Amino acid sequence: MEVTVEKIAMIRNGSNFRNTSLNLDIDWAVEYTDTDQRDVKYNIILKSKDCMNLNFKLEGLLHLDHFEEFAQQECSQIIFHHACDMLMNMISLTRRSNYELLNEELTSAVDSNATFKKLVM
């Protein structure tokens, strides 16, 4: 079986967390649409309940190999784990980053020679 992701959507409101260990209480649902015998479209939605106001959605396609049967429960678990990995990566990518410019003589809005230091939060 091959799993592909065609669309990703994330709505994240609120501030960033300072805690390095984030424990999300997630509600999730997977919906399937049969497109033909070997291809099944899926939509999964992850919603956080308490800790963080977050909605995350993936749309994609399951491509079954010859003589492979669609097992909904196993496919849902695979898609859920894949979606959770992507969600955690997206949270990491969308975190706030602060930089301190070390060159005070900036002559333009973008200076390719300017040095900066990332401040660890």
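Just above, that's the structure.
Nothing here was measured: the structure is a model prediction, and the numbers come from that model.

**Re the sheet that holds strand E4 (residues 54-63)**
- Read from one edge to the other, the open sheet built from four strands follows the order E1-E4-E3-E2, with strand pairing classed as antiparallel. Two strands bound the open sheet, and with one partner strand each, they are strand E1 (2-12) and strand E2 (26-34). For this sheet, the mean inter-axis angle between neighbouring strands, taken without regard to orientation, is 15°.

**Some thoughts on the packing of aromatic side chains**
- In this structure the tally under the stated criterion is two aromatic pairs.
- With a centroid separation of 4.3 Å and 25° between ring planes, the pair formed by Trp28 and Phe80 is classed as stacked. One end of the pair, Trp28, is in strand E2; the other, Phe80, is in helix H1 (residues 72-93), and 52 residues separate them in sequence.
- Pairing Tyr32 with Phe70 gives two aromatic rings, centres 4.9 Å apart and planes at 75°, and the pair type is edge-to-face. Of this pair, Tyr32 sits in strand E2 while Phe70 is found in the loop between E4 and H1, placing the two residues 38 residues apart along the sequence.
- Residue classification places Phe70 among the partly exposed positions, given a relative accessible area of 29%.

**Quick look at H1**
- Here H1 spans 31 Å end to end across 22 residues, near enough to the 32 Å set by a 1.5 Å rise per residue.
- Where H1 is buried, its residues meet E1, E2, strand E3 (39-48) and E4.

**Quick look at the environment of Leu54**
- Structurally, the position occupied by Leu54 is in strand E4.
- According to the relative accessible area criterion, Leu54 is buried, its value standing at 2%.
- Each C-alpha atom, one on Leu54 and one on Leu87, is 9.9 Å from the other, the two residues being 33 residues apart in sequence.

**Looking at the pattern of salt bridges**
- Under the criterion given, the structure shown has two salt bridges.
- The closest approach of N and O atoms between Glu59 and Lys7, which form a salt bridge, is 3.9 Å. Of this pair, Glu59 sits in strand E4 while Lys7 sits in strand E1, and the two are 52 residues apart along the sequence.
- Judged by its relative accessible area of 24%, Glu59 is partly exposed.
- Residue Lys7 is classed as exposed on the basis of its relative accessible area, which comes to 51%.

**Here's the deal with the nonpolar core**
- One finds Tyr32, Tyr42, Ile44, Leu46, Leu58, Leu62 and Leu87 to be the most contacted residues of the largest nonpolar core, which totals 18 residues.
- Of all the secondary structure elements, the ones that give two or more residues to this core are E2, E3, E4 and H1.
- Of all the elements, H1 adds the most residues to this core, at seven residues.

Rules of the game
- Residues numbered from 1 in each chain as written.
- Predicted model: local features only at pLDDT ≥ 70, side-chain atom pairs only at ≥ 80, totals over all residues.
- Heavy atoms only, no water.
- Pairing = 2+ DSSP bridges.
- Helix = DSSP H or I, 4+ residues; strand = E, 2+ residues; numbered from the N terminus.
- Axes fitted to C-alpha atoms, helices over the stretch in contact; angles between N-to-C directions.
- Phe/Tyr/Trp six-rings, centres within 6.5 Å; stacked < 30°, edge-to-face > 60°.
- Buried < 20%, exposed > 50% of the residue type's maximum accessible area, 1.4 Å probe, protein only.
- Expected span 1.5 Å × (residues − 1).
- Contact = heavy atoms within 4.5 Å.
- Salt bridge = Lys/Arg side-chain N within 4 Å of Asp/Glu carboxyl O.
- Core = buried A, V, L, I, M, F, W, Y, C linked by side-chain atoms within 4.5 Å.

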